[in-house]
Amino acid sequence: MAKKKLVVGLDLGEDYCTLVALNPQKNQIEHVATWNESHGRKSALELGEGLAAWLAERKLDKSIKSVAISMSGAGAFLRLAEADQEISIEDAARFEARTWFGCSDEDLWINAQPHGVGPHNEPGILVGAVRRAMATRVTSVADSAGIPLAESNLDIVAAANAFEANYPSWADRLVAIVLAGGRSLQIYWTQDRKFLGHAVLVAQGQNPSDELSLAGGKALLEGAGLLRGMADQLGGVFLCGPLSVETGFAARLGSGIKVDVRLLDSFAALPFPSAESMAEQISELSPKCASALGLALALSQGDRP
């Protein structure tokens, strides 16, 4: 049996799954792949069993040390809250999440961490939460696949991890990370490695690509979800997700915006020796892998966003 050494980020997208495997000892990417199975249209058991067969086919099933799996941020609570010094971070996060969802915090998966200062310059907490059924489904998929699930996180937070790892020179500018896939588009605003807001758009019509690109451009122009700063201070837009590489999507998204829309290159800063002969294919796949890479990086670096 091969020695387990790889940490894996697995993005369960609406239309297909994306995997990035890292070797933490060598700090390099070992494997990247997509699996054309719908996360939403299969039961957890079916998806897990199919995933196990897919990993075995790629000879990855015996080399995985730990796995992080994404949850969609499109229906999530993601906010920067302020902490009362008399209340623990966990209690403050539970209060914020249950107020937003309007249900008991026992029905929610909640993650929180200290994060700079809040809107009123008090100690800030970055709170992410989804309904517990989503987190339970992720656990069930991992159990059915027989893979060692170490953690889950929101796909948009993971995409932000990938941006920070690959574009450190952009840290001082106001940036919008746009994750577009399926029937949703998310905007994550950031500057100086801090969360500055989150916006979600959901397509209602028959052509989600056109609808989301045009609505996303308007949302960027208006600063939808931006907590601090002004939209006209926007320094850059980094686009990722399945829709990012569709012909015309980036151009429509950037219509009317003064800055360029760039495809987020998930592999700009990390060595990827096995891909040297497949530069063109990897370049096309790279923007789709931001969330999977960000998940793997969090495991590799011991980070828990």
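Up top is the structure.
Residues numbered from 1 in each chain as written. Predicted model: local features only at pLDDT ≥ 70, side-chain atom pairs only at ≥ 80, totals over all residues. Heavy atoms only, no water.

1. Focus: the sheet that holds strand 3 (residues 28-35)
At step 1: Strand order in this open sheet of five strands is 3-2-1-4-8, and the pairing throughout is mixed. Only two strands of the sheet have a single neighbouring strand rather than two, namely strand 3 and strand 8 (149-154). In this sheet, adjacent strand axes meet at a mean angle of 20° when their direction is disregarded.
At step 2: Across the sheet, helix 1 (residues 44-57) is in contact with strand 1 (6-12), strand 2 (17-23), strand 3 and strand 4 (64-71); its angle to strand 3 comes to roughly 130°.
At step 3: In the packing of helix 8 (residues 290-301) onto the sheet, contacts are made with strand 1, strand 2, strand 3, strand 4 and strand 8, and the angle to strand 1 comes to roughly 145°. (Pairing = 2+ DSSP bridges. Helix = DSSP H or I, 4+ residues; strand = E, 2+ residues; numbered from the N terminus. Axes fitted to C-alpha atoms, helices over the stretch in contact; angles between N-to-C directions. Contact = heavy atoms within 4.5 Å.)

2. Some thoughts on helix 8
At step 1: Taking 1.5 Å of rise per residue, the twelve residues of helix 8 would be expected to cover 16 Å, and the 16 Å separating its terminal C-alpha atoms lies within 8% of that figure.
At step 2: For helix 8, the tally of buried residues reaches ten of twelve residues, placing the bulk of the element in the interior.
At step 3: Among the residues of helix 8, those classed as buried are Ala-290, Ser-291, Ala-292, Leu-293, Gly-294, Leu-295, Ala-296, Leu-297, Ala-298 and Leu-299. (Expected span 1.5 Å × (residues − 1). Buried < 20%, exposed > 50% of the residue type's maximum accessible area, 1.4 Å probe, protein only.)

3. So, the sheet that holds strand 7 (residues 123-131)
At step 1: Taking strand neighbours across the sheet as the criterion, the three strands line up as 5-7-6 in an open arrangement whose pairing is antiparallel. The open sheet has two edge strands with one neighbour each: strand 5 (77-82) and strand 6 (108-117). Averaged over all adjacent pairs, the angle separating strand axes in this sheet is 20°, with direction ignored.
At step 2: The pairing of strand 6 with strand 7 spans eight bridges and is classified as antiparallel. Each bridged residue has a counterpart across the sheet, and for Leu-108 the counterpart in strand 7 is Arg-131.
At step 3: Against the sheet, helix 3 (residues 132-145) engages strand 6 and strand 7, with an angle of about 70° to strand 7.

4. Considerations on the packing of aromatic side chains
At step 1: Counted according to the given criterion, the structure contains nine aromatic pairs.
At step 2: Seen in terms of ring centroids, Trp-35 and Trp-54 are 5.7 Å apart; in terms of plane orientation they differ by 15°. Their pairing is stacked. You can see Trp-35 sitting in strand 3 and its partner Trp-54 sitting in helix 1, a full 19 residues away along the chain. Trp-54 carries the same exposure label as Trp-35, and that label is buried.
At step 3: Ring plane angle 90° and centroid distance 5.0 Å describe the contact between Trp-170 and Phe-238, whose orientation is recorded as edge-to-face. Placement of the pair is Trp-170 in the loop between helix 4 (155-166) and strand 9 (175-181) and Phe-238 in strand 12 (residues 236-240), with a sequence separation of 68 residues.
At step 4: Each member of the aromatic cluster is reached from another via a ring pair, and the members are Phe-163, Tyr-167, Trp-170 and Phe-238.
At step 5: Looking at Arg-173, its charged tip hangs above the ring of Trp-170, at a distance of 3.8 Å from the centre. (Phe/Tyr/Trp six-rings, centres within 6.5 Å; stacked < 30°, edge-to-face > 60°. Lys NZ or Arg CZ within 6 Å of the ring centre and 35° of its normal.)

5. Quick look at the packing of helix 1 against helix 3
At step 1: With their axes 7 Å apart at the nearest point, helix 1 and helix 3 run at an angle of 40° to one another. On the basis of the axis angle, helix 1 is oblique to helix 3. Crossing of helix 1 against helix 3: the hand is right-handed. Each of Ala-44, Leu-45, Leu-47, Gly-48, Glu-49, Leu-51 and Ala-52 in helix 1 lies in contact with helix 3, whose residues at this interface are Arg-137, Ser-140, Val-141, Ser-144 and Ala-145.
At step 2: Classifying every residue of the contact of helix 1 with helix 3 gives seven nonpolar, three polar and two charged. (Parallel < 35°, antiparallel > 145°, perpendicular 65-115°, else oblique. Left-handed = near helix turned anticlockwise from the far one by under 90°. Nonpolar A, V, L, I, M, F, W, Y, C, P; charged D, E, K, R; others polar.)

6. Comments concerning the pattern of salt bridges
At step 1: In this structure the tally under the stated criterion is five salt bridges.
At step 2: Across the pair Asp-105 and Arg-98 runs a salt bridge whose closest N-O atoms are separated by 2.8 Å.
At step 3: One salt bridge in this structure joins Asp-172 and Arg-173, with 4.0 Å as the shortest N-O distance. (Salt bridge = Lys/Arg side-chain N within 4 Å of Asp/Glu carboxyl O.)

7. Describing the environment of Asp-107
At step 1: Along the chain, Asp-107 turns up in the loop between helix 2 (89-101) and strand 6.
At step 2: The partly exposed category is assigned to Asp-107, whose relative accessible area is 43%.
At step 3: The spatial distance from the C-alpha of Asp-107 to the C-alpha of Arg-131 is 6.1 Å, given a sequence separation of 24 residues.
At step 4: If sequence neighbours within four positions are ignored, Asp-107 has contacts with Val-130, Arg-131 and Arg-132.

8. Things to note about helix 1
At step 1: End to end, helix 1 covers 20 Å across 14 residues, agreeing with the expected 20 Å (1.5 Å per residue, within 8%).
At step 2: Of all the positions in helix 1, only Ala-44, Leu-47, Gly-48, Leu-51, Trp-54 and Leu-55 are classed as buried. Taken down its axis, helix 1 places every buried residue within 125° of arc, on the same side.
At step 3: Those residues of helix 1 that are buried lie in contact with strand 1, strand 2, strand 3, strand 4 and helix 3.
At step 4: Of the residues one or two after helix 1, Lys-59 is the one with positive phi, at around 60°. (Arc of directions from axis to C-beta.)

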